[in-house]
Amino acid sequence: MLRELADDLFVTERPLRFAGLEVGTRMTVIRLAGGELLLHSPVRLDAALRTRLEALGAPRFAVAPNRFHHLFVGEVVSSWPEVELYGAPGLERKRPDLAFREVLGDEPPKAWAGQLEQCLVAGFPLINEVVFFHPPTRTLVASDLAFQVGPETPTATRLFLRMAGVRQFGPTYLERLLARDRAAARRSFERILDWDFDRIVVAHGPVLESGGREALRAGYRWLL
């Protein structure tokens, strides 16, 4: 239901189909210094998950990290009205039904400043993904920045990702087509790769427990 990857870092997965393929999706939960929880890319909630989250701490912040990972943030706000919602650029227009506290960028908001670093991946306006770095666990938390293929990846999904350019870990060929400003994107990745992370949590596929910086650099060799 909710797995602990490291101190104050948890994940939970749910099935999710996209274009007829099972790709799965993942929420990352970070417990901040005051015991408050940040829910990154929320998944569909049920009673058991709500109970487990409340046992960890007080759900206080929900993050929709790109223009596609926003489907279930409304459920979080409905479950805990005190939760503050933060979204990637463009979601405030795409989801006018949601009251965003702040549009995310390169600088962490006051809510988690000093505990998490973040970077808006420039140059991909259709996605506008914001990635996060959790220094205590040396973890990069992303959503669609890359895909990871593992033993449990369904065969059809594995074959599709292979045709799309992902054999084990990395972005698909689509990212090359979506890059509108490669120079700006390169600057973002240079900043991300300066962070001292080892683990990468992505939304689709297994968590990459080690070697994350090298794998990300290799996946975006075409850009760097």
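Quick notes on the rules
- Residues numbered from 1 in each chain as written.
- Predicted model: local features only at pLDDT ≥ 70, side-chain atom pairs only at ≥ 80, totals over all residues.
- Heavy atoms only, no water.
- Helix = DSSP H or I, 4+ residues; strand = E, 2+ residues; numbered from the N terminus.
- Buried < 20%, exposed > 50% of the residue type's maximum accessible area, 1.4 Å probe, protein only.
- Polar contact = N/O pair within 3.5 Å; in protein donor to acceptor, adjacent residues only side chain to side chain.
- Contact = heavy atoms within 4.5 Å.
- Core = buried A, V, L, I, M, F, W, Y, C linked by side-chain atoms within 4.5 Å.
- Pairing = 2+ DSSP bridges.
- Right-handed = clockwise from strand over helix to strand, strands pointing away.
- Phe/Tyr/Trp six-rings, centres within 6.5 Å; stacked < 30°, edge-to-face > 60°.
- Lys NZ or Arg CZ within 6 Å of the ring centre and 35° of its normal.
- Axes fitted to C-alpha atoms, helices over the stretch in contact; angles between N-to-C directions.
- Salt bridge = Lys/Arg side-chain N within 4 Å of Asp/Glu carboxyl O.

Caption draft 1: Focus on the side chain of His70. With respect to the helices, strands and loops of the structure, His70 is situated in the loop between strand E7 (58-64) and helix H2 (73-79). Take His70: its relative accessible area is 8%, and that puts it in the buried class. Of the polar contacts made by the side chain of His70, one reaches the side chain of Arg95; its length is 3.0 Å. Aside from chain neighbours lying at most four places away, what touches His70 is Ala64, Leu91, Lys94 and Arg95.

Caption draft 2: Quick peek at the nonpolar core. Val29, Leu39, Leu53 and Trp112 are the most contacted members of the largest nonpolar core, which has 40 residues in total. Counting residues per element, this core draws most heavily on E7, at four residues. The contacts of Val29, once residues within four sequence positions are left out, are Leu2, Asp8, Leu9, Phe10, Leu37, Leu38, Leu39 and Leu53. In terms of nonpolar packing, the next biggest core, distinct from the first, is built from 27 residues, Ala142, Leu145, Leu193 and Tyr220 among them.

Caption draft 3: Looking closely at the pairing of strand E8 (residues 84-87). The alternating pattern of E8 places Glu84 and Tyr86 and Leu85 and Gly87 on opposite faces, both of which are buried. With four bridges connecting them, E7 and E8 associate as parallel partners. Residue pairing for E8: Ala64 is matched across the bridge by Gly87. Between the parallel pair E7 and E8, the chain is carried across by H2, and the sense of this crossover is right-handed.

Caption draft 4: Structural view of the packing of aromatic side chains. Scanning the model with the defined rule gives seven aromatic pairs in all. Ring geometry for Phe61 against Trp112: centres 5.8 Å apart, planes inclined by 75 degrees, an arrangement best described as edge-to-face. Of the two residues, Phe61 sits in strand E7 while Trp112 sits in the loop between strand E9 (102-103) and strand E10 (117-120), which places them 51 residues apart along the sequence. For Trp112, a relative accessible area of 0% corresponds to the buried category. Ring centres of Trp112 and Phe132 lie 6.3 Å apart, and the angle between their planes is 65 degrees; on these two criteria the pair is classed as edge-to-face. In this pair, Trp112 is assigned in the loop between E9 and E10 and Phe132 in strand E11 (residues 130-134), connecting sequence segments 20 residues apart. By relative accessible area, which is 2% here, Phe132 ends up buried. By way of ring pairs, the aromatic residues Phe61, Tyr86, Trp112 and Phe132 are connected into one cluster. Positioned above the aromatic ring of Phe68, the side-chain terminus of Lys94 is 4.9 Å from the ring centre.

Caption draft 5: Seen up close, the sheet that holds strand E2 (residues 9-14). Pairing in this open sheet of seven strands is mixed, and the strands run E1-E2-E5-E6-E7-E8-E9 from one edge to the other. Two strands bound the open sheet, and with one partner strand each, they are strand E1 (3-6) and E9. Strand direction decides the pairing type here: E8 and E9, joined by two bridges, are parallel. Across the sheet, Tyr86 pairs through a bridge with Glu102, a residue of E9. On top of the sheet, helix H1 (residues 47-56) reaches E2, strand E5 (25-31), strand E6 (36-40) and E7; it is set at about 25 degrees to E5, its chief contact.

Caption draft 6: Layout of the sheet that holds E11. Read from one edge of the open sheet, four strands run E10-E11-E12-E15, paired in mixed fashion. Both edges of this open sheet fall to E10 and strand E15 (199-201), since each of them pairs with a single strand only. For this sheet the average axis-to-axis angle between neighbouring strands, irrespective of direction, equals 20 degrees. Where strand E12 (residues 139-141) lies against E15, three bridges are found, and the strand directions are parallel. What sits directly across from Val141, in E15, is Val201. The strands that helix H6 (residues 182-194) touches are E10, E11 and E12; relative to E10, the one it contacts most, it runs at about 165 degrees.

Caption draft 7: Region of the structure containing the pattern of salt bridges. All chains considered together, the criterion is met by 13 salt bridges. Put simply, Glu84 and Arg60 hold a salt bridge, and the shortest N to O gap is 3.4 Å. Residue Glu84 is found in strand E8, and its partner Arg60 is found in strand E7; the two are separated by 24 residues along the sequence. Taking the shortest distance from any N to any O, the salt bridge between Arg93 and Glu92 comes out at 3.0 Å. For Arg93, a relative accessible area of 61% puts it in the exposed group.

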